[in-house]
Amino acid sequence: MADPARARKLADRIKVIIAKRLDRGLRDPRLGFVTITDVQVTGDLQHATVFYTVYGTDEERTDTAAALKAATGMLRSEVGKNITARLTPTLEFQLDAIPENAAHIEDLLREAQKRDTEVAGLASGASYAGDEDPYVKPRDFDEDDEEE
């Protein structure tokens, strides 16, 4: 098992290599506007999972996934030429769902804020069902009561 710091450095290096190669362009017309968001390397440095996002429609996402799958061998050889590891890790491309998750979280926060304002509106006109302070408090004895 490799040092976790070494695995992180290798992952960062792979991310840069693949991003530069995609920036120079592939000859595949299916490739859309791709952003490499993260790379995770296993502890034995044998496998790398490359997370990416695609700007566009669902059809463009599926086309880009097919283009990246077809270009995996070429990208792996590009990585092998530019790293100093004994073995070149296998590459697996995984669509990163960060934009969709962020949009979902924003929708949930908007809904929570809407409900909070509704509850605050209901609370402003509400009155207590019983006493304002329902807890029994200890009685205070006056000094006059003790003398009698």
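Each remark here, short or long, concerns the structure printed above.
Residues numbered from 1 in each chain as written. Predicted model: local features only at pLDDT ≥ 70, side-chain atom pairs only at ≥ 80, totals over all residues. Heavy atoms only, no water.

Would you mind showing me how to read the pairing of strand β1 (residues 33-41) here?
For a regular strand, the rule is simple: side chains alternate between the two faces of the sheet. Direction of pairing for β1 relative to strand β2 (residues 47-55): antiparallel, over a ladder of 8 bridges. Bridged to F33 within β2 is Y55. The hairpin formed by β1 and β2 contains 5 residues between the paired strands, and L45 there has a positive phi angle of roughly 60°. (Pairing = 2+ DSSP bridges. Helix = DSSP H or I, 4+ residues; strand = E, 2+ residues; numbered from the N terminus.)

Explain helix α2 (residues 58-70) to me, please; I cannot follow it from the model alone.
An α-helical turn contains 3.6 residues, so a residue and the one three or four places further along point in the same direction. When the terminal C-alpha atoms of α2 are compared, their 18 Å separation across 13 residues agrees well with the 18 Å that a helix rising 1.5 Å per residue should span. Of the residues making up α2, those classed as buried are R61, T64, A67 and L68. For α2, the angular spread of buried residues about the axis comes to 125°, placing them on one side. The exposed residues of α2 that point more than 90 degrees off its buried face are D58, E59, T62, K69 and A70. As for α2, its buried residues are in contact with α1 (4-24), β1, β2, α3 (72-82), β3 (90-95) and α4 (98-124). (Expected span 1.5 Å × (residues − 1). Buried < 20%, exposed > 50% of the residue type's maximum accessible area, 1.4 Å probe, protein only. Arc of directions from axis to C-beta. Contact = heavy atoms within 4.5 Å.)

I would appreciate a short explanation of the pattern of salt bridges in the present structure.
Any two side chains of opposite charge can pair if their charged atoms end up close together. Enumeration according to the criterion identifies 7 salt bridges in this entry. A salt bridge links D38 to R8; its shortest N-O distance comes to 3.3 Å. In this pair, D38 is assigned in strand β1 and R8 in helix α1, connecting sequence segments 30 residues apart. We classify R8 as partly exposed; its relative accessible area is 37%. Of the charged contacts, one joins R61 and D58 as a salt bridge, the two residues approaching to 2.8 Å between their closest N and O atoms. Highlighted residues: R61 and D58, both in helix α2, separated by 3 residues, approximately one helical turn. (Salt bridge = Lys/Arg side-chain N within 4 Å of Asp/Glu carboxyl O.)

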